[in-house]
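# Structural overview for review
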Number of protein chains: 2
Amino acid sequence: MERAIIEGVMQLLEEGVPLAELSIERVARTAGVGKATIYRRWSGKEELFVDVVRAAEPPDPELPGTSMRDDLVVLLESLRRRGLATRSSVILHNVYAQMKSSPRIWAAYHASVIAPRRAIGMDVLRRGLRDGELRPDVDLELVNDMFVGPMLVRSVMRPDAELPEGLAEEIVDTVLAGLRPVSSTAP
Amino acid sequence: MERAIIEGVMQLLEEGVPLAELSIERVARTAGVGKATIYRRWSGKEELFVDVVRAAEPPDPELPGTSMRDDLVVLLESLRRRGLATRSSVILHNVYAQMKSSPRIWAAYHASVIAPRRAIGMDVLRRGLRDGELRPDVDLELVNDMFVGPMLVRSVMRPDAELPEGLAEEIVDTVLAGLRPVSSTAP
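Residues numbered from 1 in each chain as written. Chains lettered and ligands numbered in written order. Predicted model: local features only at pLDDT ≥ 70, side-chain atom pairs only at ≥ 80, totals over all residues. Heavy atoms only, no water.

Now for the UniProt feature "domain: HTH tetR-type" (unreviewed entry) in chain A. Within this structure's numbering, the places UniProt gives as "domain: HTH tetR-type" (unreviewed entry) are residues 1-60 of chain A. Note that residues 1-60 of chain A is 67% helix and 0% strand, and that its end C-alpha atoms are spaced 23 Å apart. (UniProt positions renumbered as here; feature names shortened; annotations may be inferred. Helix = DSSP H or I, 4+ residues; strand = E, 2+ residues; numbered from the N terminus.)

UniProt tags residues 23-42 of chain A as "DNA-binding region" (unreviewed entry). Between the end C-alpha atoms of residues 23-42 of chain A there is a gap of 13 Å, over a span that is 75% helix and 0% strand.

What follows deals with the interface of chain B and chain A. Between chain B and chain A, the residue contacts involve 33 residues of the former and 33 residues of the latter. Buried surface at the junction of chain B and chain A, summed over both partners, amounts to about 3,300 Å²; 65% is from carbon and sulfur atoms. For the pair chain B and chain A, the number of links is 6 salt bridges. A salt bridge links Arg158 of chain A to Asp145 of chain B; the shortest N-O distance between them is 2.9 Å. In this structure, the connection of chain B to chain A is made through 15 residue pairs in polar contact (both at pLDDT 80 or more). Contributing elements (two or more residues each) for the side of chain B that touches chain A: α8 (140-157) and α9 (167-177) of chain B. Partitioning the side of chain B that touches chain A into residue classes produces 18 nonpolar, 4 polar and 11 charged. (Contact = heavy atoms within 4.5 Å. Buried area = accessible area lost by both parts, 1.4 Å probe. Salt bridge = Lys/Arg side-chain N within 4 Å of Asp/Glu carboxyl O. Polar contact = N/O pair within 3.5 Å; in protein donor to acceptor, adjacent residues only side chain to side chain. Nonpolar A, V, L, I, M, F, W, Y, C, P; charged D, E, K, R; others polar.)

Turning our eyes to something else, we now look at the nonpolar core. Among the nonpolar cores identified, the biggest contains 56 residues, and Phe147 of chain A together with Phe147 of chain B are the most heavily contacted of them. Elements supplying a minimum of two residues to this core: α5 (68-88), α7 (103-130), α8 (140-157) and α9 (167-177) of chain A together with α5 (68-88), α7 (103-130), α8 and α9 of chain B. Each residue touching Phe147 of chain B, except ones within four places of it in the same chain, is listed here: Leu179 of chain A together with Leu72, Leu76, Leu125, Leu134, Ile171, Val172, Val175 and Leu176 of chain B. (Core = buried A, V, L, I, M, F, W, Y, C linked by side-chain atoms within 4.5 Å. Buried < 20%, exposed > 50% of the residue type's maximum accessible area, 1.4 Å probe, protein only.)

This part takes up the domain arrangement of chain A. Residues and elements named next belong to chain A. On domain assignment, one finds that chain A holds domain 1 (2-44) and domain 2 (57-177). Look at where the C-alpha atoms of domain 1 and domain 2 centre, and you get two points 30 Å apart. Contact residues are listed per partner, giving 6 residues for domain 1 and 5 residues for domain 2. Both faces considered, domain 1 and domain 2 share a buried interface measuring about 440 Å² in area, 76% of it formed by carbon and sulfur atoms. The largest share of the area that domain 1 buries against domain 2 comes from Leu13, Glu14 and Leu19, three residues that together contribute 83% of it. Scanning the region where domain 1 abuts domain 2 turns up 0 residue pairs in polar contact (both at pLDDT 80 or more). Residues of the side of domain 1 that touches domain 2, tallied by class, amount to 5 nonpolar, no polar and 1 charged. (Domains from an automatic or database assignment.)

Next up on the list: the environment of Gln11 of chain A. With respect to the helices and strands, Gln11 of chain A occurs in helix α1 (residues 2-14). Taking the C-alpha atoms as reference points, Gln11 of chain A and Ser102 of chain A, separated by 91 residues in sequence, lie 20 Å from one another.

As for its placement among the helices and strands, Thr86 of chain B is situated in helix α5. In contact with Thr86 of chain B, other than residues within four places in its own chain, are Leu92, His93 and Tyr96 of chain B.

Per the stated rule, a full pass over the model turns up 40 salt bridges over all chains. In this structure, Arg158 of chain A and Glu141 of chain B form a salt bridge, with 3.5 Å as the shortest nitrogen-oxygen distance. Highlighted residues: Arg158 of chain A in the loop between α8 and α9 and Glu141 of chain B in helix α8, drawn from two different chains. We classify Arg158 of chain A as buried; its relative accessible area is 13%. Take Glu141 of chain B: its relative accessible area is 33%, and that puts it in the partly exposed class. In this structure, the salt-bridge partner of Arg69 of chain B is Asp173 of chain B, at a minimum N-O distance of 2.8 Å. You can see Arg69 of chain B sitting in helix α5 and its partner Asp173 of chain B sitting in helix α9, a full 104 residues away along the chain.

A few words on the packing of aromatic side chains. Residue and element names in this part refer to chain A. Across all of its chains, the model carries 4 aromatic pairs over all chains by this definition. Considering the side-chain rings of Trp106 and Tyr109, the 5.6 Å spacing of their centres and the 35° angle between planes classify their relative orientation as tilted. A residue pair is termed a helical-turn pair when its members lie 3 or 4 positions apart in one helix, as Trp106 and Tyr109 do in helix α7 at 3 residues. An aromatic cluster is defined as three or more aromatic residues linked by ring pairs; in this entry it consists of Tyr96, Trp106 and Tyr109. (Phe/Tyr/Trp six-rings, centres within 6.5 Å; stacked < 30°, edge-to-face > 60°.)

In structure tokens, the structure reads:
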């Protein structure tokens, strides 16, 4: 039932129906269910829509837990895959664009998807700090942005940028090592 | 005359007129000029709109040219200031959101504003590479994303993130130095 409703929304999006015109009534009609059925599961259009996006996105990865470095590579690799999926999927592409122009839906997506993902990343960094994999003198929020920033810039803001295999490792290892020439003396 | 037209567009945006309804005709009426006057200066709505955004943004900075590191700090500081301006200016905020939902205007803005800015950053990095301020074994496009990524993530994608004074220096110096603990041996 849930699946039929989510697929109903996807079908409407594929047909080019803008988010603003995507009423619960229309979704119910497309999925062949009553409005009450939808409202039993979702409190409103925002919550339903967020679940549609999650169903269209690649699933969140399992972390190996072998080291901070390895976990970060897996987290960045999943950002890379989501970036590739968004480029190749017209639906996902439209969905993100429309979501960002609807503050309520964006807030719901942020609370239920982005914030938990960021929390996972912060946990990984805290473990890395504890295990001596990370300089102790840098703010962890900034550390997080230093790892995910380069991948997000490429996958979200620069649709023409390359997202080659191995990019996640390259970013993590280069951010860890720094960009100064090896011979140079640190200040 | 140009100024009056640009201010006419800003006035309409401030009144909450959506970009889609912002016709050259309406701009002409608001600015008290003929449509022909606008078309003499701009080939269309896209080009006019991009100039409106540039007029509302803080101006691009002058680079000191003393070192790659100093130039990067100035470039990132200007990203930080644009981020702060966007947060405090309802107009700029709406303008960016609407621009991103219009592929033609976004393409025009990208070609005339973002691409040249990125080219300036790449020039700075090439000089840094030549002057031995940068490891020679990392792709320069990735190097650029490593410096601007953390600032862009904060200023554009995380409207709740702090943009404190000194952040530009902190990012540049930390990306140069790397995140590995000093005592650790590099692989």
